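# Observations on the model geometry
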Amino acid sequence: MRNLVRGLRSQRRQRQLTYLMEIGLIGMLFVGIERGNGGIVINTGVALIVTQLPPLLERDYEIPMDPRLTLWITAAVFLHAFGTVGLPGATVTLYSQIWWWDHMTHALSASLVAGAGYATVRALHEHADGIHFPQRFVAVFILLFVLAFGVLWEILEFAIALAAQALGTRAVLTQYGLEDTMLDFVFNSIGALIVALWGGAYLTDVSGAIRDRLEARAD
């Protein structure tokens, strides 16, 4: 009974922290509007949209979203958005002021991408009798999936930077050079490896829900 109460308290705290970060994102959105900074507005706006995905998936697609998963998703987008805003009164962003901030957010974002890939692959593995994915294959697939997504992201950052330069505006996403791009791939890989090693402990319910939907459609 004590363990159950402790678990409920933990879940309540997780939900409270998630709500606080969502409120923080709304505040950062208004900061971007007040500053007339399109980069802050777009990054915080996209982050707010992402935070609404867990309740949408749970309500419309019956995919269970554990409070830990919701907190994981919200924390990743919150920290990215907060990095573009910076501390109150500061004239520089945390991305440019703190050397490891970009690496941390890349690892977190990569873990989300890896989590989506892991849940989908496991669902296919459990759904189709003729499909069998060995654990090693799943780990390699997740790593390659995240690296491919990272390449697309870096291309997007480069294209946005070129477009901003041509239009004479501030870029929404910033590249800090080739060395930083290579480090991004390293930390993307770290996020992917973490999910590949421990994803089963936290994504089993999500994989099962996706499997059930695949089976329902097949019927």
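The rules we used
Residues numbered from 1 in each chain as written. Predicted model: local features only at pLDDT ≥ 70, side-chain atom pairs only at ≥ 80, totals over all residues. Heavy atoms only, no water. Helix = DSSP H or I, 4+ residues; strand = E, 2+ residues; numbered from the N terminus. Buried < 20%, exposed > 50% of the residue type's maximum accessible area, 1.4 Å probe, protein only. Contact = heavy atoms within 4.5 Å. UniProt positions renumbered as here; feature names shortened; annotations may be inferred. Salt bridge = Lys/Arg side-chain N within 4 Å of Asp/Glu carboxyl O. Axes fitted to C-alpha atoms, helices over the stretch in contact; angles between N-to-C directions. Left-handed = near helix turned anticlockwise from the far one by under 90°. Nonpolar A, V, L, I, M, F, W, Y, C, P; charged D, E, K, R; others polar. Phe/Tyr/Trp six-rings, centres within 6.5 Å; stacked < 30°, edge-to-face > 60°. Expected span 1.5 Å × (residues − 1).

### Examining the overall build of the chain
In terms of regular secondary structure, the chain is built from 9 helices and 0 strands. When the helices and strands of the chain are read in sequence order from the N terminus, they spell out α-α-α-α-α-α-α-α-α. Out of the 219 residues in the chain, the part that is buried amounts to 37%. Restricting to contacts in the chain with at least 6 residues of sequence separation, those with at least 24 account for 67%.

### Remarks on the UniProt feature "transmembrane region" (unreviewed entry) in the chain
Taking the numbering used here, the UniProt-annotated feature "transmembrane region" (unreviewed entry) corresponds to residues 16-33, 39-57, 69-87, 107-125, 137-165 and 185-204. End C-alpha atoms of residues 137-165 are separated by 42 Å, and the span's content is 100% helix alongside 0% strand.

### Description of the pattern of salt bridges
Enumeration over the complete set of coordinates arrives at 2 salt bridges. Between R59 and D60 there is a salt bridge, and its shortest N-O distance comes to 3.1 Å. The exposed category is assigned to R59, whose relative accessible area is 57%. Its relative accessible area of 42% is what places D60 among the partly exposed residues. When the shortest N-O distance is used, the salt bridge between D66 and R68 registers 3.0 Å. We classify D66 as partly exposed; its relative accessible area is 24%.

### Let's talk about the packing of helix α7 (residues 135-167) against helix α8 (residues 178-198)
Contact pair α7 / α8: the axes reach a minimum separation of 9 Å and the direction vectors enclose 150°. Here α7 runs over α8; the crossing is right-handed. Within the contact between the two elements, α7 uses Q135, A139, I142, L143, V146, L147, G150, V151 and E154 and α8 uses T181, D184, F185, N188, S189, A192 and A196. A breakdown of the residues in the contact of α7 with α8 according to their chemical character gives 9 nonpolar, 5 polar and 2 charged.

### Some points on the packing of aromatic side chains
Scanning all chains against the criterion turns up 4 aromatic pairs. For the pair W100 and W101, a centre-to-centre distance of 5.8 Å together with 35° between the ring planes defines the contact as tilted. Of the residues examined, W100 reaches a relative accessible area of 38% and is grouped as partly exposed. One aromatic cluster in this structure is built from F78, F82, W100 and W101.

### Focus: α8
In a regular helix each residue adds 1.5 Å, so 21 residues correspond to 30 Å; α8 covers 31 Å between its end C-alpha atoms and thus fits that length. Within the sequence span of α8, burial applies to D180, T181, D184, F185, N188, S189, G191, A192, V195 and A196.

### A closer look at the side chain of Q14
Residue placement: Q14 occurs in helix α1 (residues 2-35). With a relative accessible area of 15%, Q14 lands in the buried category. Sequence-distant contacts of Q14, that is, excluding residues within four places in its chain, are made with P67, R68 and L71.

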